[in-house]
Amino acid sequence: MSVKKYGEYALVTGASSGIGKEFAIALAKEGFNLVLIARRKRELDNLAQELQEEMGIKVLLYSIDLTSPNAIEKLDTFTQALNIGLVVLNAGMQTHGSFVKTSLEEQEKMLNLNAMVPMKMAYIFANRFVEKGSGALVFLASTFAYQAVPFFSNYAASKSYILNFAEALHVELAPKGIDVLALSPGLTKTEMPEKIAMDFSKMPISIMEADTVVKKALHALDEQKSSVTPGGRNKMMAFMAQRMMPRSAIASMFGNMNAKAMNPNIL
Ligand SMILES: NC(=O)c1ccc[n+]([C@@H]2O[C@H](COP(=O)([O-])OP(=O)(O)OC[C@H]3O[C@@H](n4cnc5c(N)ncnc54)[C@H](OP(=O)(O)O)[C@@H]3O)[C@@H](O)[C@H]2O)c1
C-alpha cells in the first residue's frame, strides 16, 4: 500500500480518539507528517508526542471545536502553507432516542459537525488538490447511511448525506487526479457506542476494532474505490438494505430492533 503518493502531510479531524486516532497512527506508519484536529488538547498532545518519538514524523495540532464560528476559516489559514495531500474527514458525533425527546440544540450541532463541516472542508481542500492535480479525501459515513434508521433518525440521515456526497465527488474529481472514498463502518469499538443507551447484545451485529476499519479503508483508497464497508456482516446488511428489501420494510425492521434494545426512558 502506498497512500504516501498524495503529499507530505495528512490531516485528520477527530484524531483524539477512536477511528481518527487509528487513522493518525496508520498514516504516521505510512510516513506522512500529520495535522491532527479535535477539541481535547491533552489527548492530541499525548498522541503527537508518541508518534513523533516512535516514527520520527512532524505532527501539528489544532485544538478546536469544528462547529464554533469561523472554525473552518481558521483551519484554512492554519494549513495554507502546508503540502497536505490526504484529508480524513472523520470527526463526528451521534444523537439517539426518540427524535422529539432529544435536544434540538444537540441535533443542530450534530448535523453541523457530521455534514456541514466535512462539506466545507472538502470544498477548501478539493480546490487545493485540483490546483496541484492530486490529493485524496476520506469521508466517514456509516452502515446507517444505507437506510432510514428510526431512533437514530437525524444521525443516520447525516451519514446518508455524506455517503451520497462522497460517492458523487469520487466521480466528479477522478478525472482531476483526486481520489475520494466513503468509509461506512458498522459498529466499531470506540468511545461513540459507549455513549449509546442501548444493549447491543440484543442486536444482530458484531463489533469491529477501529484499527481494522482503518486498514480496510486505506486498502480501498489505494485501490481507488469510491466506497467501502468493512466487515462481511456489515457488507451483507448494506446489500440487503439497497437491493433486497423495500425501503419501508428495512426502516421498520431497524425501528423494531432499536426499540427493543434501547433504554425505554429515551423512547
Ligand atoms: N464507532 C462506531 O460504531 C461508528 C460507526 C460508523 C461510523 N462512525 C463514525 O466514525 C467517526 C469517528 O467516530 P468514533 O467512533 O471514532 O468516535 P469517537 O471516539 O467519539 O471520536 C469522535 C472524534 O470526533 C471528535 N469531535 C467530536 N466533536 C467534535 C467537535 N465539535 N469538534 C472537533 N472534533 C470533534 C472527537 O474529539 P474531541 O472530543 O476531542 O473533540 C473525537 O476525536 C464519526 O464520524 C462517526 O460517526 C463510527
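The following refers to the structure shown. (Residues numbered from 1 in each chain as written. Predicted model: local features only at pLDDT ≥ 70, side-chain atom pairs only at ≥ 80, totals over all residues.)

1. Details of the overall build of the chain
Worth spelling out the cut-off: Numbered from the N terminus, helices here are DSSP runs of H or I no shorter than four residues, and strands are runs of E no shorter than two. A residue pair is marked as a contact if its C-beta atoms, positioned from the backbone, fall within 7 Å.
Regarding its fold elements, the chain presents 9 helices and 9 strands. By principal-axis analysis of the C-alpha atoms, the chain measures approximately 50 × 40 × 35 Å. Once local pairs closer than 6 in sequence are excluded, the contacts in the chain between residues at least 24 apart make up 71%.

2. Overview of the sheet that holds strand E1 (residues 9-13)
Spelled out, the test is: Paired strands, in this sense, are two strands between which DSSP finds at least two bridges. Axes here mean lines fitted to C-alpha atoms, for a helix over just the part in contact, with angles spanning 0 to 180 degrees between N-to-C directions.
Taken in spatial order, the 7 strands of this open sheet run E3-E2-E1-E4-E5-E6-E9, and their pairing is parallel. In this open sheet, the two edge strands, each paired with only one partner strand, are strand E3 (59-63) and strand E9 (227-228). Across 2 bridges, strand E6 (residues 178-183) lies against E9 in parallel orientation. Bridge pairing links Ala182 to Ser227 in E9. Against the sheet, helix H5 (residues 153-173) touches strand E5 (135-140), E6 and E9, its axis set at about 160° to E6.

3. Notes on the nonpolar core
Counted only if it meets this: Only buried Ala, Val, Leu, Ile, Met, Phe, Trp, Tyr and Cys residues enter a nonpolar core, and they are joined through C-beta atoms within 7 Å. Once C-beta atoms are placed from the backbone, each residue is buried if 20 or more other C-beta atoms lie within 10 Å of its own, exposed if 12 or fewer, and partly exposed for counts between those two.
One finds Ala24, Leu34 and Leu36 to be the most contacted residues of the largest nonpolar core, which totals 76 residues. At 7 residues, the largest contribution of residues to this core is made by helix H1 (residues 18-29). Setting aside chain neighbours within four positions, we find Leu36 in contact with Val12, Ala15, Ala24, Leu44, Leu47, Ala48, Val59 and Leu61.

4. With respect to the environment of Val12
Along the chain, Val12 falls in strand E1. Residue classification places Val12 among the buried positions, given that 28 C-beta atoms sit within 10 Å. The spacing of Val12 and Asp65 is 53 residues in sequence and 14 Å in space, taken between C-alpha atoms. With residues near it in sequence (within four places) discarded, Val12 still touches Gly20, Phe23, Ala24, Leu34, Leu36, Ile37, Val88 and Asn90.

5. What about the site of the ligand?
Heads up, the rule is: The criterion for a residue being near a molecule or strand is simple: its C-beta atom, placed using the backbone, must lie within 6 Å of it. Lys, Arg, Asp and Glu make up the charged group, whereas Ala, Val, Leu, Ile, Met, Phe, Trp, Tyr, Cys and Pro make up the nonpolar group; the residues left over, Gly among them, are polar.
In the region of the ligand, 29 residues are neighbours, and Gly14, Gly18, Arg39, Arg40 and Gly92 sit closest. For the shell around the ligand, the secondary structure elements donating two or more residues are H1 and helix H6 (191-194). Tallied by class, the residues present in the shell around the ligand amount to 12 nonpolar, 12 polar and 5 charged.

6. Structural notes on the packing of H1 against helix H7 (residues 210-222)
Quick reminder of the rule: With respect to orientation, any angle under 35 degrees is reported as roughly parallel, any angle over 145 as roughly antiparallel, any angle of 65 to 115 as roughly perpendicular, and every other angle as oblique. Helix crossings get a hand from a simple test, with the near helix turned counterclockwise from the far one by less than a right angle marking a left-handed crossing and a clockwise turn marking a right-handed one.
One can describe the packing of H1 onto H7 by two numbers: an axis separation of 9 Å at closest approach and a directional angle of 55°. Here H7 runs oblique to H1, going by the angle between their axes. H7 is crossed by H1, and the crossing has right-handed handedness. On H7, the residues touching Gly18, Ile19, Glu22, Phe23 and Ala26 of H1 are Ala210, Asp211, Val213, Val214, Lys215 and Leu218. The residue makeup of the contact of H1 with H7, split by class, is 7 nonpolar, 1 polar and 3 charged.

7. Topic: unusual backbone geometry
Even without glycine at this site, Asn70 takes up a positive phi of about 65°. By the element assignment, Asn70 lies in the loop between E3 and helix H3 (71-79). Asn70 gets classed as exposed once you count the C-beta atoms within 10 Å, which come to 10. One non-glycine residue, Gln224, lies in the positive phi region at around 55°. Relative to the helices and strands, Gln224 is located in the loop between H7 and E9.

8. Things to note about the packing of H1 against helix H2 (residues 41-55)
Where H1 meets H2, the closest approach of the two axes is 11 Å, and the angle between their N-to-C directions is 20°. Between H1 and H2, the interaxial angle falls into the category roughly parallel. When you trace H1 past H2, the crossing you get is right-handed. Contact residues: Lys21, Ala24, Ala28 and Lys29 in H1; Leu47, Leu51 and Met55 in H2. Here the residues of the contact of H1 with H2 sort into 5 nonpolar, no polar and 2 charged.

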